[in-house]
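The primary structure of each chain is shown beneath.
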Amino acid sequence: MNLADLNKVALAMVAPGKGILAADESTGTIKKRFDAINVVSTEENRRDYREMLFRSSEAMSRYISGVILYDETIWQNAKDGTPLVKLIEQAGAIPGIKVDEGTQALPECPGELVTVGLDKLADRLKKYYERGARFAKWRAVIDIGGGARPIPSMTAIHVNAHALARYAALCQAAQIVPIVEPEVLMDGDHDIDRCYEVTQRVLNKTFQELRIQRVALEGMILKPNMAVPGKKSSKQVSVEEVAEKTVRMLKACVPAAVPGIAFLSGGQSDEEATAHLDAMNRIGGLPWRLTFSYGRALQAAPQKAWSGKAENVAAGQRAFAHRARMNSLATSGEWKADLERKAA
């Protein structure tokens, strides 16, 4: 492992004013997105859509530091035969790859899941590196629930943190920067304090496991959820409270050696995700860079504008550039809601 090179890539992923495009939707997930805009989810349509994003020169060169790809996408070529990974590189961004293989039910833990895919990961990482991937992503899913046996259980937190750390160690051995993503879901009716408490437990356990597996913190990126109330909670809170509690939580859990934190949007609306990131960066005085690693919050608008039609490619690219620019401003605390109105 060459830590200096890993650290260089990690810092480039959280470069000032830039963030990560999560374009790693599974075939099933992108089918749902395409169904919503009446586009058939064929391999060619998926390729055309992602090619549209990666050829958005303004967005990609100015606001996007890296792109997380799905296994199908990393092997695809653009219409003119250029590998899609090359389009990303030509725009000055870094190709990355989602390497987990989804979730399975966790035995003896009703309603809880564990992420799988470690078995042949070392071999897969070598092939992804040869193809051009310089970072990877693994997502653990932690749900919050009540009832007679409230979740998450310590078992679910432990096994997912352990798998995240194993994955991260394998990535660094393959000279690939791991994005460590322990996502506490915002489904449910819990309040922000319950989210804070669970996320704190998850992050503490994750960093304990990362240390046990000898993962070099300088060569990784954290992709956490924000401290937010559940979607069904009767106690919704202000942007400022989300920012203050999220920053406090991260300061309590995340070592300063980590180069950057790239948030997931986790079901927030486009504008909410941008506003929360902006408010956190306005607080300032943080040991790590705070940026975005958004999927839907960057893509919903361009998907709708494109709607599967070749004549709408330019409109889709404009919509993508706008969302990318708004989030870029949020990384330095310079976003304002009226900039959204002006664009609309």
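Keep in mind that what you see is a predicted model, and the values were worked out from it rather than measured. Throughout, residues of each chain are indexed from 1 in the direction in which the sequence is written. Local features in this predicted model are restricted to residues whose pLDDT is 70 or higher, and side-chain atom pairs enter the listing and the counts only when it is 80 or higher, whereas totals over whole chains, interfaces and linings include all residues. Hydrogen atoms and water are omitted, and side-chain values are computed over all heavy atoms in the structure.

**Student:** So what about the packing of helix α9 (residues 192-212) against helix α10 (residues 239-253)? Which residues, and what values?
**Tutor:** Note on method: axes are straight lines fitted to C-alpha atoms, helices fitted across the in-contact stretch only, with angles between N-to-C directions ranging 0 to 180 degrees. In DSSP terms, a helix is any run of H or I states spanning at least four residues, a strand is any run of E spanning at least two, and both are numbered starting from the N terminus. Close contact between α9 and α10 brings their axes to 9 Å; oriented N to C, the two are set at 25°. Classified by the angle their axes make, α9 and α10 are roughly parallel. The two elements α9 and α10 meet at a crossing, and its hand is right-handed. Packed against α9, whose contacting residues are Ile-192, Asp-193, Tyr-196, Thr-199, Gln-200, Leu-203, Asn-204 and Phe-207, the element α10 presents Glu-241, Val-242, Lys-245, Arg-248, Met-249, Leu-250, Ala-252 and Cys-253 at the interface. Just so you know the grouping, Ala, Val, Leu, Ile, Met, Phe, Trp, Tyr, Cys and Pro go in nonpolar, Asp, Glu, Lys and Arg go in charged, and all remaining residues, Gly too, go in polar. In terms of residue class, the contact of α9 with α10 is built from nine nonpolar, three polar and four charged. Under this scheme an angle from 65 to 115 degrees is roughly perpendicular, one under 35 degrees roughly parallel, and one over 145 degrees roughly antiparallel; angles in between are oblique. Each crossing gets its handedness from the near helix: less than a right angle anticlockwise from the far helix is left-handed, clockwise is right-handed. The contact definition used throughout considers only heavy atoms, calling two residues in contact when any of these lie within 4.5 Å.

**Student:** Mind laying out the nonpolar core, listing which residues take part and the relevant values?
**Tutor:** Where a protein is soluble and globular, its nonpolar side chains tend to be buried together. Grouping buried Ala, Val, Leu, Ile, Met, Phe, Trp, Tyr and Cys residues that are joined through side-chain atoms within 4.5 Å yields what is termed a nonpolar core. Each residue is assigned to one of three classes by its accessible area relative to the maximum for its type, calculated with a 1.4 Å probe on protein chains only: buried under 20%, partly exposed between the two thresholds, exposed over 50%. Formed by 100 residues in total, the largest nonpolar core has its most connected members in Phe-54 and Tyr-167. For Phe-54, the residues in contact, after removing those within four places along its chain, are Leu-21, Ala-23, Met-60, Val-67, Leu-69, Thr-73, Leu-84, Leu-87 and Ile-88. With six residues, the next largest nonpolar core counts Ile-144, Ile-157, Val-198 and Val-202 among its residues.

**Student:** I'd love a proper account of the pairing of strand β1 (residues 19-23), names of residues and values included.
**Tutor:** By the criterion of burial, β1 is predominantly enclosed, with five of the five residues buried. Being paired, for any two strands, means DSSP has found at least two bridges between them. Pairing analysis gives five bridges linking β1 to strand β2 (residues 64-69), with the strands arranged parallel. Bridged to Leu-21 within β2 is Val-67. The pairing of β1 with strand β10 (residues 289-294) spans two bridges and is parallel. Counterpart to Leu-21 in the pairing with β10 is Tyr-294.

**Student:** Requested: an account of the packing of aromatic side chains, with residues and values cited.
**Tutor:** Aromatic rings considered in pairs are described by the distance between their centres and by the relative angle of their planes. Stacked, tilted and edge-to-face pairs are distinguished by plane angle, under 30 degrees for stacked and over 60 for edge-to-face with tilted covering the rest, among Phe, Tyr and Trp rings (Trp via its six-membered ring) whose centres lie within 6.5 Å. Within this structure, the stated rule accounts for six aromatic pairs. With 5.2 Å between their ring centres and 40° between their planes, Tyr-49 and Trp-306 make a pair best called tilted. Highlighted residues: Tyr-49 in helix α3 (residues 43-54) and Trp-306 in helix α12 (residues 296-306), separated in sequence by 257 residues. The residues Tyr-49 and Trp-306 share a single accessibility class, namely buried. Put simply, the rings of Phe-34, Tyr-49 and Trp-306 touch in pairs and so form one group of aromatic residues.

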